Amino acid sequence: MAEADYSKKEKNYHTGIPQKSEAFFLKGSNAYDWGMKNRLARIFNPKSGKTVMLAFDHGYFQGPTTGLERVDVTIRPLIPYADALMLTRGILRSVIEPSVTNSVVMRASGGPSVLKELSNEHIAVDMEDALRMNVSAVAVQVFIGGEFETQTVNNMTRLVDMGMRYGMPVLGVTAVGKELTRDARYISLASRILAELGASIVKTYFVPDFEQVTAACPVPIVIAGGKKLPEREALQMARDAIDQGASGVDMGRNIFQSDAPVAMIGAVRKVVHEKVGVKEAYEYYLDMKNK
Ligand code: R5P
């Protein structure tokens with residue numbers, strides 16, 4: 001039982017100080033409930049408003065991707081530098097220590113392998129299991145213009161409904177099939193559809209005129225890294241994306257396939273969180289690589 005308040009100190013209700021009620025820092029996210037906002041604030045740094053998400057979920061359709069043959073060996077050293085880890089529940093349970101404090105964005109769609117039609121995905125994780133693993137968001141691939149477009153849109157909207165019930169943000173990934181052109185017109189179309197249908201975060205590719213994509217998308221956009229580029233070019237892409245309205249990166253191969261992955265993720269952090277220019281970030285990369 002709590003003891004009675006015997007303090008002799010005079011009570012102070014700070015009556016002259018109005019209670020603060022500040023808008024949530026993240027674009028388009030002010031209307032969510034507390035739990036959803038708290039999860040988003042674990043992914044996006046509330047100070048910079050940005051995130052460095054480390055993507056290593058590639059195995060869910062392409063098996064042991066180059067650089068991910070042994071996630072325990074190659075990814076573990078990078079974990080302290082990532083705000084969020086994007087992975088599958090298989091890797092989370094089998095490889096990642098439960099003591100890590102990074103937020104987790106868990107792949108929640110899947111089905112076909114690289115040997116089949118990739119857009120034929122279904123929901124691959126139950127919301128209850130995502131909650132059990134204490135993740136901060138679930139991620140779903142949506143193939144706008146793809147063969148199974150409607151099915152993948154339906155995967156996302158079902159996850160959004162379940163996510164709203166439990167305060168779980170859904171990250172919608174605009175998956176681009178081989179036959180589709182990656183340009184601002186297509187990426188704007190796909191990103192906007194995902195946001196309109198309830199995605200709390202959209203992950204898409206950086207394209208020329210990217211500011212049109214971010215302007216037309218009412219929720220935060222993070223960019224995928226895509227195929228491995230020379231480090232300086234990858235840093236330039238991150239810089240351009242942030243300057244044109246992206247809220248962060250969800251980068252995989254350009255980090256874990258780098259010659260110096262720890263140096264590279266450190267340089268990416270500088271670009272994303274510290275507003276550092278490409279020259280300085282690349283010099284940091286080279287310094288760290290040569291240490
Ligand atoms: C691909 O489907 C995976 O979901 C990756 O998370 C995504 O492509 C980002 O990784 P990367 O930077 O290697 O493109």
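Before reading further, recall that the structure is shown in the block above.
How each quantity is defined
Note that residues are indexed from 1 along each chain, following the sequence as it is written. Selection of residues for local features in this predicted model requires a pLDDT of at least 70, selection of side-chain atom pairs for listing and counting requires 80 or more, and totals for whole chains, interfaces and linings are taken over all residues. Here the side-chain values reflect all heavy atoms present in the structure, with hydrogen atoms and water set aside. In this description a helix means any DSSP run of H or I spanning at least four residues, a strand means any run of E spanning at least two, and both kinds are numbered starting from the N terminus. Buried residues are those whose accessible area, probed at 1.4 Å on protein chains only, stays under 20% of the maximum for their type, while exposed residues exceed 50% and partly exposed ones sit between those limits. In this description, contact between two residues means that some pair of their heavy atoms is separated by no more than 4.5 Å. Surface accessibility in these figures is a Shrake-Rupley result with a 1.4 Å probe; residues are shielded only by whichever protein chains are displayed. Charge convention: Lys and Arg are scored as positive, Asp and Glu as negative, and His as well as the terminal groups of each chain are ignored. Taken as the charge centre is NZ of Lys, CZ of Arg, CG of Asp or CD of Glu, depending on the residue. For this analysis, a salt bridge means a side-chain nitrogen from Lys or Arg found within 4 Å of a carboxyl oxygen belonging to Asp or Glu. Here a cavity is any set of points on a 1 Å grid over the protein atoms alone where a 1.4 Å probe fits but cannot get out, and a pocket is any open set with protein on both sides within 12 Å along at least 5 of 7 lines; a residue lines the site when it has an atom within 4 Å of a point. Grid points are joined across faces, edges and corners, and a volume is the space filled by probe spheres set on the points. Throughout this entry, Asp, Glu, Lys and Arg are counted as charged residues, while Ala, Val, Leu, Ile, Met, Phe, Trp, Tyr, Cys and Pro are counted as nonpolar. The remaining residues, Gly among them, count as polar. In plain words, nonpolar cores are sets of buried Ala, Val, Leu, Ile, Met, Phe, Trp, Tyr and Cys residues tied together by side-chain atoms within 4.5 Å. Here the axes come from fitting lines to C-alpha atoms, over the contacting stretch only for helices, and the angles between their N-to-C directions go from 0 to 180 degrees. Put simply, angles under 35 degrees are roughly parallel, angles over 145 are roughly antiparallel, angles from 65 to 115 are roughly perpendicular, and the rest are oblique. In a left-handed crossing the near helix is turned counterclockwise from the far helix by less than a right angle, and in a right-handed crossing that turn is clockwise. For two strands to count as paired, DSSP must find a minimum of two bridges between them. Orient the strands so they point away from the viewer, and a crossover whose first-strand-to-second-strand path over the helix runs clockwise is right-handed. Throughout, the term near means that a residue has one or more heavy atoms lying within 4 Å of the molecule or strand in question. We call two N or O atoms a polar contact when they sit within 3.5 Å, provided that within protein one can donate a hydrogen and the other can accept it, with sequence-adjacent residues counted only if both atoms are side-chain atoms. What decides whether a molecule sits in a cavity or pocket is whether more than half of its atoms lie within 2 Å of the grid points. Classification of ring pairs rests on two measures: the distance between centres of Phe, Tyr or Trp rings, Trp counted by its six-membered ring, which must be within 6.5 Å, and the angle between planes, read as stacked under 30 degrees, edge-to-face over 60 and tilted in between. Only when the NZ of Lys or the CZ of Arg is both within 6 Å of the ring centre and within 35 degrees of the ring normal is a charge said to sit over the ring.

1. Considering the overall build of the protein chain
Next, step 1: A tally of regular secondary structure across the protein chain gives twelve helices and ten strands.
Next, step 2: Overall, the protein chain is about 75 × 50 × 40 Å in size when its C-alpha atoms are taken along their principal axes.
Next, step 3: Looking at the protein chain as a whole, 49% of its 291 residues qualify as buried.
Next, step 4: The long-range share in the protein chain, meaning contacts at least 24 apart out of those at least 6 apart in sequence, stands at 66%.
Next, step 5: Summing over all exposed atoms, the protein chain offers an accessible surface of approximately 14,800 Å²; the carbon and sulfur share of this is 51%.
Next, step 6: Within the protein chain, the 33 negative side-chain charges are centred at a point lying 3 Å from the centre of the 35 positive side-chain charges.

2. Considering the pattern of salt bridges
Oppositely charged side chains are able to pair whenever their charged atoms sit close together.
Next, step 1: According to the stated counting rule, one finds 15 salt bridges in the structure shown.
Next, step 2: Measuring nitrogen to oxygen at the nearest pair gives 2.7 Å for the salt bridge that ties R89 to D129. Here R89, found in helix α4 (residues 89–95), pairs with D129, found in helix α5 (residues 127–132); they are 40 residues apart in sequence, far enough to count as distant.
Next, step 3: In this structure R89 comes out as partly exposed when scored by relative accessible area, which is 30%.

3. Considering the layout of surface pockets
Next, step 1: There is about 1,000 Å³ of room inside the largest pocket.
Next, step 2: Surrounding the largest pocket, 40 residues form its lining, F61, L118, V176, R182 and Y205 being those nearest its centre.
Next, step 3: Elements represented by at least two residues in the lining of the largest pocket include exactly α2 (59–62), β7 (170–174), β8 (201–205) and β10 (248–251).
Next, step 4: Per element, the largest residue contribution to the lining of the largest pocket is three residues, and it comes from α2.
Next, step 5: Split by residue class, the lining of the largest pocket holds 17 nonpolar, ten polar and 13 charged.
Next, step 6: Roughly 230 Å³ of volume is contained in the second largest pocket.
Next, step 7: In terms of lining, the second largest pocket is formed by 13 residues, of which the most central are L92, P98, V100, V104 and M133.
Next, step 8: When its residues are assigned to classes, the lining of the second largest pocket shows seven nonpolar, three polar and three charged.

4. Quick notes on the nonpolar core
Next, step 1: F56, I75, V135 and V138 are the most contacted members of the largest nonpolar core, which totals 73 residues.
Next, step 2: Of the residues forming this core, the biggest block, seven residues, is contributed by helix α11 (residues 261–274).
Next, step 3: Residues contacting V135, with those up to four places away along its chain left out, are R39, L92, V104, M106, A130 and M168.
Next, step 4: Listed in part, the 18 residues of the second largest apolar core include L26, L40, L171 and V222.

5. A word on the packing of helix α9 (residues 231–243) against helix α12 (residues 278–290)
Next, step 1: Orientation of α9 relative to α12, taken along the N-to-C sense of each, is 140°, at an axis distance of 10 Å. In terms of axis orientation, α9 runs oblique to α12. The handedness of the crossing between α9 and α12 is right-handed. Residues E231, R232, L235, Q236 and R239 of α9 form the contact with α12, whose own contacting residues are V278, K279, A281, Y282 and Y285.

6. Concerning the pairing of β10
Next, step 1: Residues G248 and D250 point to one face of β10 and V249 and M251 to the other, with burial holding for every one of them.
Next, step 2: The pairing of strand β1 (residues 51–55) with β10 spans four bridges and is parallel. Bridge pairing in β10 places M53 opposite D250.
Next, step 3: The pairing of strand β9 (residues 221–224) with β10 spans three bridges and is parallel. Counterpart to V222 in the pairing with β10 is G248.
Next, step 4: Remark: the β9/α9/β10 crossover connection has right-handed handedness.

7. Some remarks on the site of the ligand
Next, step 1: Taken together, 14 residues sit near the ligand, with D57, H58, K203, G252 and R253 positioned nearest.
Next, step 2: Between the ligand and the protein, one listed contact pairs an oxygen atom with a backbone N or O atom of G252 at 2.8 Å.
Next, step 3: Here an oxygen atom of the ligand sits 2.7 Å away from a polar atom, N or O, in the side chain of R253.
Next, step 4: Relative to its unbound accessible area of 360 Å², the ligand is 96% covered by the protein chains.
Next, step 5: Counting atoms within 2 Å of the grid points, the majority share of the ligand lands in the largest pocket.
Next, step 6: For the shell around the ligand, the per-class residue count stands at four nonpolar, five polar and five charged.

8. Let's talk about the packing of aromatic side chains
Next, step 1: Counted by the stated rule, this structure contains four aromatic pairs.
Next, step 2: The interplanar angle of 65° and the centroid separation of 5.0 Å between the aromatic rings of Y60 and F61 together place this pair among those described as edge-to-face.
Next, step 3: A ring pair is formed by Y282 and Y285, whose centres lie 5.9 Å apart and whose planes are at 20°; its orientation type is stacked. Of this pair, Y282 and Y285 both sit in helix α12, three residues apart, roughly one helical turn.
Next, step 4: Given the relative accessible area of 22%, Y282 is considered partly exposed.
Next, step 5: One cation-aromatic arrangement involves R182 over Y205; the distance from NZ or CZ to the ring centre is 3.8 Å.
Next, step 6: Lying across the ring of Y284, K270 places its NZ or CZ 5.1 Å from the centre.

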